[in-house]
Amino acid sequence: MRLREIPVDGIPYDRLCVEKIPAAPEYIARDPELVPASNRSVVVNPNRICMPIGAMWAVLGVHRAIPFVQGAQGCTTYARYTFCRIFKEPATIATASFHEDAAVFGGRKNVIEGIRNLVVRYWPGLIGVVTTCSSEIMGDDMVSFLKEARARLSREIGREKTEEIPIVLINTPSFAGSHVEGYDRASKAFLESLATTRDVLSERVNIIPGMLYPGDIREIRHLLEEMNVEGTVLFDISDTLDAPLNPPQEIPYYPPGGTPVSEIRQMANARATFALQPHAGGSGARYLERKFGIPAFIGPVPIGVAATDAFLQNLSRITGREIPASLRDERGRLVDAMADTLHHTMMKRVAIFGDPDVVIGMTRFACELGMTPVAVSSGTPSKTFEGEIESIFREYRELFLAEPRVFNGGDLFEFEEYLKTLPQIDLILGHSKGVDISRELEIPLVRVGFPIYDRFGYQKKPVVGYRGAELLLYEIVNELLDYRYPDDRTQQL
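None of the values given here were measured: they were computed from a predicted structure.

Residues and numbers for the domain arrangement of the protein, please.
Each assigned domain of the protein is listed with its residue range as follows: domain 1 (51–194), domain 2 (205–243 + 252–325) and domain 3 (327–483). Every contact between the two is made by 30 residues of domain 1 and, on the other side, 35 residues of domain 2. Summed over both sides, the interface of domain 1 with domain 2 buries roughly 2,900 Å², with 69% coming from carbon and sulfur. Of all residues in domain 1, Trp57, Tyr183 and Leu191 give up the largest surface area on contact with domain 2, accounting jointly for 25% of the area buried on that side. Connecting domain 1 to domain 2 are zero salt bridges.

Can you explain the sheet that holds strand S7 (residues 272–275)? Please cite residues and give values.
Spatially, four strands are ordered S6-S5-S7-S8 in an open sheet, and the strand pairing comes out parallel. Only two strands of the sheet have a single partner each, and these edge strands are strand S6 (231–233) and strand S8 (296–298). Adjacent strand axes in the sheet meet at a mean angle of 15 degrees, parallel and antiparallel pairs treated alike. One ladder, built from three bridges, connects S7 with S8; its direction is parallel. By the bridge assignment, alanine 275 is partnered in S8 with isoleucine 298. Sitting on the sheet, helix H9 (residues 214–226) is in contact with strand S5 (205–208) and S6, with an inclination near 175 degrees to S6.

So, the packing of H9 against helix H14 (residues 325–345): which residues are in play, and what are the values?
For the pair H9 and H14, the least separation of the axes is 9 Å and the interaxial angle reads 135 degrees. One element, H9, and the other, H14, form an angle in the oblique class. Every residue of H14 that contacts H9 at Glu219, His222, Leu223 and Glu226 is listed here: Ser326, Leu327 and Glu330. Among the residues making up the contact of H9 with H14, the classes are represented as two nonpolar, two polar and three charged.

I'd like to hear about the pairing of strand S10 (residues 372–378), residue by residue, with values.
Most of S10 is tucked away, with seven of its seven residues classed as buried. Running through helix H15 (residues 356–368), the crossover from strand S9 (residues 349–354) to the neighbouring parallel element S10 is right-handed. Judged from the four bridges that link them, S10 and strand S11 (residues 405–408) form a sheet pairing that is parallel. Paired with serine 377 across the strands is phenylalanine 407, a residue of S11.

What counts as what
- Per-chain numbering applies: the sequence of each chain, read as written, is numbered from 1 onward.
- Predicted model: local features are reported for residues with pLDDT of at least 70 only, side-chain atom pairs are reported and counted for 80 or more only, and whole-chain, interface and lining totals are derived from all residues.
- The side-chain quantities take in all heavy atoms of the structure and omit both hydrogens and water.
- Boundary definitions for the domains trace back to an automatic or database domain assignment.
- Any pair of residues with heavy atoms lying within 4.5 Å of one another is described as a contacting pair.
- Accessible area that two parts lose when put together, with a 1.4 Å probe and added across both, is what the buried area reports.
- A carboxyl oxygen of Asp or Glu within 4 Å of a side-chain nitrogen of Lys or Arg is what we treat as a salt bridge.
- Only when DSSP finds a minimum of two bridges between them are two strands counted as paired.
- Helix and strand labels come from DSSP, where a helix needs a run of H or I of at least four residues and a strand needs a run of E of at least two; each type is numbered from the N terminus.
- Each axis is a line fitted through C-alpha atoms, and for a helix only the stretch in contact is used; angles between axes span 0 to 180 degrees, taken between their N-to-C directions.
- Working definition: roughly parallel below 35 degrees, roughly antiparallel above 145 degrees, roughly perpendicular at 65 to 115 degrees, and oblique for all remaining angles.
- Only Asp, Glu, Lys and Arg are considered charged in this grouping, and only Ala, Val, Leu, Ile, Met, Phe, Trp, Tyr, Cys and Pro are considered nonpolar; every other residue, Gly among them, is considered polar.
- Exposure classes here rest on a 1.4 Å probe applied to the protein chains alone. A residue is buried below 20% of its type maximum, exposed above 50%, and partly exposed in between.
- When the strands point away from the viewer and the path from the first strand over the helix to the second turns clockwise, the crossover is right-handed.

Printed below as a string of structure tokens:
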């Protein structure tokens, strides 16, 4: 039965049916002038998320830390909802809860009251104050506000207890960048605030992984253990956002894991810093190098054979540890899998989108598999992205039939419209925001990168390291087989 309006008593779910009616009887071609994102003042199907969410991700990777969002409730609710969809875990995030009065008079009262309430109710080990667009546009003097907040805490709970709770300020106006930039700013803010003294030098190395999932961070730790190298992983979400389900022992409940504040303080004494993603964490590594002379190895993210080789070789050179036979065996198994599946991946045309560092890593891995990237897109604009991609293409030029198209900072609407003009594409590599493109163009999508919210378990599956690349390779091949392999030959496998 068709209804022109929803009845007062509502519609039961079992009777709810929404019929999609085309806006026009026939397909209307896009106005070519409006397809490029640079010609539009609106973003359609964005390939990025706001800057504060990257900073919140970082804070949640610190032991007993709580992000405090200096903004409206929606800025916090969206982030909590997103983290819950991806990790299937609760995320404790506090908010200054801006309303109309804060928009007029500023957020001074909100942050002072909010931090006081957060401390007396939760007693966190650290507070990461994350600003938002509204706070930055109003011009909140956050440094002065936080001094006032600390002074009030000292009066109420004492100076000693107040100093036990570090407060790290991370300025993240979304109009100035994406979630990648937010994570990058958080890495620098934490190290500037906490890693301030280089006194007792250690043999440890610093790892700033970027926005990698818990399974990836565990794989990085596996590589360090096999190399017999001790390291500090900054923003270690491997347990905080993938915690076992146990009865909480105390209230308020904090998940296990996370990088201890004491270890972050000691990062100034490390032998070297490895920022696996230049755009997400590179600023922190450069700060330590500039301030204390700690060597910085910035990128590439260890996806595939060559990038993982580079990471381990740099780790071996700086620590003096040999690459063990166990890791050489893992590399051999990956190469063996690539040889076994080459006839399925060779010359397959692939489109890749996502965050710049992941796209660069995936592009190189696709080339190692003999695939032909026809379009690559980074949602976050980057000064180095196009140069990195062109460098990879020059290295594998003999594999390509045509030059690929590079989108630097565009949206997925522009990316999709270009894919429609290509004769055939065999595979898309990207995150969950590419599902509609995959269905519309009937091209298989292998999910990789951030965010992945429409599948279970992906946050536990690594893509970095030799073992991660092997798992990713199998997923790529299986998707190709599901979509492209002739039915009459299926039984011959």
